[in-house]
Amino acid sequence: MILERSNFMDVKQIMKELDKLPMKSEIGDLKELAQIYQLRHSGVNEIGTKLENLDEEYSMNYDHNPIHHMEERMKSVRSLVGKIQRKGYPLNMDTIHHKILDVGGIRVITNYIDDVYRVEDALTQQSDVTLIKRKDYIKDPKPSGYRSLHLVVSVPVFQSNGVFDVPIEVQLRTIGMDMWASLEHKLRYKTDVPEEKVEQHTGNLKEYASELFDIESKMQEIFRDLQE
Ligand code: GTP
Ligand code: MG
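Residues numbered from 1 in each chain as written. Chains lettered and ligands numbered in written order. Predicted model: local features only at pLDDT ≥ 70, side-chain atom pairs only at ≥ 80, totals over all residues. Heavy atoms only, no water.

Notes on the UniProt feature "domain: RelA/SpoT" (unreviewed entry) in the protein
Then comes step 1: Annotation from UniProt places "domain: RelA/SpoT" (unreviewed entry) at residues 72–195.
Then comes step 2: Taken end to end, residues 72–195 is 36% helix and 33% strand, and its first and last C-alpha atoms sit 33 Å apart. (UniProt positions renumbered as here; feature names shortened; annotations may be inferred. Helix = DSSP H or I, 4+ residues; strand = E, 2+ residues; numbered from the N terminus.)

As structure tokens, then:
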């Protein structure tokens, strides 16, 4: 399993990103923002390590790797500010502390659909992990056809100045769902595609999402049969 570790965004990097934005003076104390980023980054490291350990243990005891690979990311300051404005929250540290729970995120790509829930259970039943939010877009896909399990968990981070509970977003999806989401994301954000083409591809993609789900369910059945 491959884990892509994200880089920690320090005060200098945050300043550089903020410098490109029109509202840099509004956001408040940059040192505090950098501290939030550092804490969330530590939280991502904690959860990433837990998931790596789970995958290793599973592979040892059951001869199967539930996790195909993982990607860690820190939200850019640009999309942090964009999200706060989109949601109509006041642009201050309090909002970032309490409302923006996806500054640090991990995407877990699993081999099978069962593995999504297997990893969820194994992670959330750990005594130091608390489930804060859960949206199951596999059971209830988005209108676009998007499927994934979205969790926000909180994990304690031990620092020299105390222990802090840190929220981390975990998105779990299969290889098929991930392949679909990457292509759909490209279609959504590519600005030079003609309108009628977007419409046609959007319709097709929605159909393919459910075809992919059917195929992955059938492959899951074969895998279950072989594991027995
Ligand atoms: P935001 O983080 O601001 O988007 O709000 P939210 O956390 O309430 O939203 P949601 O639960 O919908 O999850 C948002 C994330 O899921 C996005 O940043 C995307 O990575 C992913 N996502 C959600 N819907 C879609 C979709 O239709 N297509 C693709 N490709 N990704 C999606
Ligand atoms: Mg989000």
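Considering helix H2 (residues 30–62)
Count 3.6 residues to each turn of an α-helix, and residues three or four apart come out pointing the same way.
Then comes step 1: For H2, with 33 residues, the first-to-last C-alpha span of 47 Å sits near the 48 Å given by 1.5 Å per residue.
Then comes step 2: Put simply, Asp-29 is the residue that caps the front of H2, since its side-chain oxygen is 3.0 Å from the backbone nitrogen of Lys-31.
Then comes step 3: Just beyond H2, the residue with positive phi is Asp-63, at close to 55 degrees. (Expected span 1.5 Å × (residues − 1). Polar contact = N/O pair within 3.5 Å; in protein donor to acceptor, adjacent residues only side chain to side chain.)

Some points on the nonpolar core
Then comes step 1: Within the largest apolar cluster, 47 residues are counted, with the highest numbers of intra-cluster contacts made by Leu-33, Ile-47 and Leu-51.
Then comes step 2: Counting residues per element, this core draws most heavily on H2, which supplies 10 residues.
Then comes step 3: Once residues within four sequence positions are removed from consideration, Leu-51 is found in contact with Met-1, Ile-67, Met-70, Ile-106, Val-108, Val-119 and Leu-123.
Then comes step 4: In terms of nonpolar packing, the next biggest core, distinct from the first, is built from 7 residues, Tyr-137, Tyr-146, Leu-205 and Ala-209 among them. (Core = buried A, V, L, I, M, F, W, Y, C linked by side-chain atoms within 4.5 Å. Buried < 20%, exposed > 50% of the residue type's maximum accessible area, 1.4 Å probe, protein only. Contact = heavy atoms within 4.5 Å.)

Some words on the site of ligand 1
Then comes step 1: The full set close to ligand 1 counts 16 residues, and Arg-86, Lys-142, Ser-144, Glu-184 and Arg-188 are the nearest of them.
Then comes step 2: Ser-144 is positioned with one of its side-chain polar atoms (N or O) 2.7 Å from an oxygen atom of ligand 1.
Then comes step 3: Take Glu-184: an N or O atom from its side chain is 2.7 Å from a nitrogen atom of ligand 1.
Then comes step 4: Across the complex, the protein chains shield 76% of the 610 Å² of accessible surface that ligand 1 would expose by itself.
Then comes step 5: Of all the elements in the fold, those that place two or more residues in the shell around ligand 1 are helix H3 (77–87) and helix H6 (175–189).
Then comes step 6: Broken down by class, the residue content of the shell around ligand 1 amounts to 3 nonpolar, 4 polar and 9 charged. (Near = heavy atom within 4 Å. Areas by Shrake-Rupley, 256 points an atom, 1.4 Å probe, with all protein chains shown as cover. Nonpolar A, V, L, I, M, F, W, Y, C, P; charged D, E, K, R; others polar.)

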